[in-house]
Amino acid sequence: MKIAAIAAFAILAVVAPARAAGTATANDTARFLAGMPPSAASPLLPLTNDPAWQRHARLFDAAFGQLERGQISKIRAWAGANLAAPRPTMFYMFSGPDFLYANAFYSKATTYVLSALEPVGSVPDLAKVSSGGIEFALDSVERSLSSIMSFSFFITRHMRTDLNAGQVSGTLPLLYVFLARSGNTIRDVSPISLDDSGAAHFANENAGKNATRGVRIAFAGSDGEERTLYFFSTDLSNSGVRSSGFLKFCATLAPGNSLIKSASYLLHAGNFSTVRDFLLANSSTIIQDDSGIPLGDYDPKKWRFFPFGRYAGPIAEFPGRYQPRYAELFRRSQPLDFGIGYRWRSYESNLLLSIKVP
């Protein structure tokens, strides 16, 4: 189970729409952290001459290039062939900062809602950080992304350390990297809080003592269309969502499409039944591996199932989660040419597309 201490929420100067001269924009900061050159007028441009940044850029060029060829492009092709009428909203519970796969599966979404326990964190104006601080920040980003780049999922125990080290911390810098490397342009970044009723509050507005903290990122895709990414740091257990306005906020954006992968089989447990019921009630399609919603919780009269790949059962870290009905369903599965989830090798990955009957 993902556990993280949620400290005071702060997003520093890079998020302000009005910027003083010499202050790096959020988009330039994202590109810099992603190993991509910032704009010609950016105060970060001279920092790209630093050998540490150039090494970082070469590393990320190679890693993201390999990931694009071996997996992401194949996911986009799979989604294009199998998702006929995607909804504008996509929900990704237990996501961590994984915008990369949210965008790969649902590239046509205009609103992304990601949620997990990890803190939002902060990104300072990198133009005002010492050279040693810059190198430390780049190393931290590389460490934080190493598992998802290799295995398609974050390793929670590593994130607890990596996402709380130094000035560049939390999920925000990783969201920046994924946005930039997915070909997007960040327009604005702002903190957001949800009160108990699910109403959104911005800037210094008081959302109450039980506020759910998050960040809203307005960005544009390569097609120029304006999109919105929300990330909320929140407890998705029954007691957590019942005492917050998070699911009430999500309901205002429903129905949507959902993605569930590498979710620690939390949705198999009784203390996550509220978010499980929400996804079943408010999703038009659900893409998941076997760590998502148990097959027995779907009403077969309301859903059509399309299995892909091979179901080999859970990995050793999650004993007791084998599903005989899942195994029976996957006897008629279609091929899958990319790896996903805990069994990240393509020849042993499973993916279930569930489509709600109109």
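In the block above lies the structure referred to throughout.
Nothing here was measured: the structure is a model prediction, and the numbers come from that model. Every chain is numbered independently, its residues counted from 1 as its sequence is written. Per-residue local features are limited, in this predicted model, to residues with pLDDT of at least 70; the limit for side-chain atom pairs, both in listing and counting, is 80 or more; totals at the level of whole chains, interfaces and linings are taken over all residues. By convention in this description, side-chain values take in all heavy atoms of the structure and omit both hydrogens and water.

Asker: Before we go on, may I ask you to explain the environment of alanine 281 in this structure?
Answerer: Checked against the element boundaries, alanine 281 lands in helix α9 (residues 273-282). Exposure classes here rest on a 1.4 Å probe applied to the protein chains alone. A residue is buried below 20% of its type maximum, exposed above 50%, and partly exposed in between. Taking relative accessible area as the criterion, alanine 281 reaches 55% and is therefore assigned exposed. Separated by 26 residues in sequence, alanine 281 and proline 255 place their C-alpha atoms 8.3 Å apart. To qualify as a helix, a DSSP run of H or I must reach at least 4 residues; to qualify as a strand, a run of E must reach at least 2; elements of each kind are numbered from the N terminus.

Asker: Mind showing me how you'd approach unusual backbone geometry here?
Answerer: With glycine set apart, most residues show a phi of negative sign, and most peptide bonds adopt trans. With omega at 0°, the peptide bond leading from alanine 254 into proline 255 counts as cis. Mapped onto the secondary structure, proline 255 falls in the loop between α8 (246-251) and β7 (256-260). We note that serine 262 has phi near 50°; this positive angle belongs to a residue other than glycine. Note on placement: serine 262 falls in the loop between β7 and α9.

Asker: Sorry if this is basic, but what is going on with the packing of aromatic side chains here?
Answerer: Centre distance and the angle of the planes are the two values used to describe a pair of aromatic rings. Aromatic contacts are taken between Phe, Tyr and Trp rings whose centres are within 6.5 Å, Trp giving its six-membered ring; a plane angle under 30 degrees counts as stacked, one over 60 as edge-to-face, and the others as tilted. Here the structure, examined in full by the defined rule, presents 25 aromatic pairs. Relative to tyrosine 322, the ring of tyrosine 311 has its centre 5.4 Å away and its plane inclined at 25°; by these criteria the two rings are stacked. With tyrosine 311 in the loop between β9 (303-309) and α10 (324-329) and tyrosine 322 in the loop between β9 and α10, the pair connects residues that are 11 residues apart, well separated along the chain. Overall, tyrosine 311 belongs to the buried group, its relative accessible area being 10%. An aromatic cluster is present here, built from Trp78, Phe105, Phe308 and Phe338 joined pairwise through their rings. Distance and angle both matter: a charge sits over a ring if NZ of Lys or CZ of Arg is within 6 Å of the ring centre and within 35 degrees of the ring normal. Lying over the aromatic face of phenylalanine 136, arginine 143 brings its terminal NZ or CZ to 5.9 Å of the ring centre. Against the face of tyrosine 101 rests lysine 261, its NZ or CZ located 4.5 Å from the ring centre.

Asker: Just to check I follow, could you spell out the nonpolar core for this structure?
Answerer: A general feature of soluble globular proteins is that nonpolar side chains tend to end up buried together. One finds Trp78, Phe105, Leu114, Tyr176 and Ile217 to be the most contacted residues of the largest nonpolar core, which totals 64 residues. No other element matches helix α2 (residues 51-82), which puts nine residues into this core. Among all residues touching phenylalanine 105, those that are not within four sequence positions of it are Ile75, Trp78, Ala79, Leu83, Leu259, Ile287, Phe338, Ile340 and Leu351. To define a nonpolar core, start from buried Ala, Val, Leu, Ile, Met, Phe, Trp, Tyr and Cys residues and group those joined through side-chain atoms within 4.5 Å. In this structure, Phe232, Val241, Ala269 and Tyr326 belong to the second largest nonpolar core, which totals 36 residues. Should any heavy atoms of two residues lie within 4.5 Å, those residues are considered in contact.

Asker: How do you make sense of α9 when you look at a structure like this?
Answerer: Residues separated by three or four positions in an α-helix point in the same direction, a consequence of the helix having 3.6 residues per turn. Most of α9 is tucked away: eight of the 10 residues are buried. Looking only at α9, the buried set comprises Ser273, Thr274, Val275, Arg276, Phe278, Leu279, Leu280 and Asn282.

Asker: What's the story with the environment of arginine 76 in this structure? I'm lost.
Answerer: Relative to the elements of secondary structure, arginine 76 occurs in helix α2. A relative accessible area of 32% places arginine 76 in the partly exposed class. In the structure, arginine 76 is positioned 30 residues away from tyrosine 106 in sequence and 8.1 Å away in space, judged by C-alpha atoms. Setting aside its immediate chain neighbours within four residues, arginine 76 contacts Glu68 and Ala104.

Asker: Please clarify how the pattern of salt bridges should be interpreted in this entry.
Answerer: One side chain can pair with another of opposite charge once the charged atoms of both are near each other. Any carboxyl oxygen of Asp or Glu that lies within 4 Å of a side-chain nitrogen of Lys or Arg is treated as forming a salt bridge with it. In total, this model carries 13 salt bridges according to the counting rule given. One salt bridge connects glutamate 142 with arginine 55, and the closest N-O pair in it is separated by 3.0 Å. A residue pair is termed long-range when its members are at least 10 positions apart, and glutamate 142 in helix α4 (residues 131-151) and arginine 55 in helix α2 qualify at 87 residues. Accessibility expressed as a relative area gives 14% for glutamate 142, which makes it buried. Owing to a relative accessible area of 33%, arginine 55 belongs among the partly exposed residues under this scheme. What emerges from the salt-bridge pattern is a single network uniting Arg55, Asp139 and Glu142.

Asker: Help me out: how do you make sense of the sheet that holds strand β10 (residues 350-356) in this one?
Answerer: Sheet strands pair via backbone hydrogen bonds, and the direction of the pair is either parallel or antiparallel. The pairing criterion is simple: DSSP has to find at least two bridges between the two strands. In space, the 10 strands of this open sheet follow the order β4-β3-β5-β6-β2-β1-β7-β8-β10-β9, with mixed pairing throughout. In the strand order of this sheet, the two ends are held by β4 (200-202) and β9, each with one partner. Direction aside, neighbouring strands of the sheet carry axes that sit 20° apart on average. Axis definition: a line fitted to C-alpha atoms, limited for helices to the stretch in contact. Angles are taken between N-to-C directions and run from 0 to 180 degrees. Where α9 meets the sheet, it contacts β1 (89-93), β7, β8 (283-288), β9 and β10, and its direction lies at approximately 120° from that of β8.

Asker: How do you make sense of the packing of helix α1 (residues 26-33) against helix α6 (residues 172-181) when you look at a structure like this?
Answerer: When two helices pack together, you describe them by how their axes are tilted relative to each other and by the distance separating the axes. Two elements in contact, α1 and α6, have axes whose closest approach is 8 Å; the angle formed by their N-to-C orientations is 85°. Our classification of the angle between α1 and α6 gives roughly perpendicular. Facing α1, whose interface residues are Ala26, Thr29, Ala30, Arg31 and Leu33, α6 presents Pro173, Tyr176, Val177 and Ala180. In this count, Pro and Cys sit with the nonpolar residues alongside Ala, Val, Leu, Ile, Met, Phe, Trp and Tyr, while Asp, Glu, Lys and Arg are called charged and the others, Gly among them, polar. The residue makeup of the contact of α1 with α6, split by class, is seven nonpolar, one polar and one charged. Angle categories are assigned with fixed cut-offs, so that under 35 degrees is roughly parallel, over 145 is roughly antiparallel, 65 to 115 is roughly perpendicular, and the rest are oblique.

Asker: Is there a simple way to explain the pairing of β8 in this structure?
Answerer: Regular strands show a simple pattern: their side chains alternate between the two faces of the sheet. For β8, the tally of buried residues reaches six of six residues, placing the bulk of the element in the interior. Pairing analysis gives five bridges linking β7 to β8, with the strands arranged parallel. Among the inter-strand pairings, asparagine 257 is bridged to a residue of β8, identified as threonine 285. A crossover gets the label right-handed when its path from the first strand over the helix to the second runs clockwise, viewed with the strands pointing away from the viewer. For the crossover that starts at β7, traverses α9 and ends in the parallel β8, the hand is right-handed. Relative to β10, β8 runs antiparallel, the two being bridged by four bridges. Bridging across to β10, threonine 285 finds its partner in isoleucine 355.

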